[in-house]
Every structure is written in C-alpha cells, then in structure tokens.
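# Remarks on the overall topology
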Amino acid sequence: MTDLVTAARTHLDAARASAHGRDAQLVVHDGVLRQTVIALVAGVELAEHNSPPAASLQVLEGRVRVTGVEQTDLARGELVVLTHQRHAVLALEDSVFLLTTVTSLDEDQRGDA
C-alpha cells in the first residue's frame, strides 16, 4: 500500500532539492496500468508530449496547468482525463500529482470511455 500524502511530501521535498525541480516515482505497475507520483516546483514544466492510450491526472498538492488543445488549471483534489492530444504540464506553484496511465489497449477498447 502506498500512502499518497506521505509520498507527496517526500517527492516535493526531493523536487525542491533537485537541480531540475522535479521528482517522480512509479508506485503502481500492474500489466498495462501505471501510476506515478510526480512532484514539480513552481515554474517547472513537463514539456509537450504524446498521451498514452488512456491517462488521468489527479492533483495531490498545489496547482498545475495542463496545456494542449484546451488549457486546464487544476488544484488539489481535482482530477482530469487527459486528451489524446499532445500536452504539457506546468506547475503554477509547488505541486504533486498522481499520473495514471494505461500503456496499451485492444483495438476494440480504443475510444470507449
């Protein structure tokens, strides 16, 4: 079992101490399912990248902006399904989020949500 409150504090402390202003840990790896705790200090951005077949982002601490086709600002406790468009994540303040991804889907599952 992972304590997300403790993980958020630990990874945010590590991000603050990092020269790159970020820290991450894969906390669930079960088949195609991945969940990663990611901490970013204010102003640090995960550069624009492609989305996996299915993904969501839940903010555990702070505020982030997800950019892409549409721009979405999220605060602690908020959850968003990530689009299948290229996107980036910018920390508006020191932040930690849980990124949930599915790395592959059967052809008949694509687009069902």
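See the structure shown above.
Computed from a predicted structure; not experimentally measured.

On to helix 1 (residues 4–17), then. With 14 residues, helix 1 extends 20 Å from end C-alpha to end C-alpha; this agrees with the ideal 20 Å at 1.5 Å per step. Every buried residue of helix 1 is listed here: Ala-7, Ala-8, His-11, Leu-12 and Ala-15. Buried residues of helix 1, viewed axially, fall in a sector of 125°; they line one side. The exposed residues of helix 1 that point more than 90 degrees off its buried face are Arg-9 and Ala-17. Residues of helix 1 that are buried make contact with strand 1 (22–30), strand 2 (33–40), strand 4 (54–61) and strand 9 (95–102). Regarding helix 1, its N-cap is Asp-3, as a side-chain oxygen of that residue lies 3.0 Å from the backbone nitrogen of Val-5 further along.

Strand direction decides the pairing type here: strand 1 and strand 2, joined by eight bridges, are antiparallel. Its bridge partner lying in strand 2, Arg-22 is registered against Leu-40. From the end of strand 1 to the start of strand 2, which pair antiparallel, there are two residues, and Gly-31 there has a positive phi angle of about 60°.

What counts and how
Residues numbered from 1 in each chain as written. Predicted model: local features only at pLDDT ≥ 70, side-chain atom pairs only at ≥ 80, totals over all residues. Heavy atoms only, no water. Helix = DSSP H or I, 4+ residues; strand = E, 2+ residues; numbered from the N terminus. Expected span 1.5 Å × (residues − 1). Buried < 20%, exposed > 50% of the residue type's maximum accessible area, 1.4 Å probe, protein only. Arc of directions from axis to C-beta. Contact = heavy atoms within 4.5 Å. Polar contact = N/O pair within 3.5 Å; in protein donor to acceptor, adjacent residues only side chain to side chain. Pairing = 2+ DSSP bridges.

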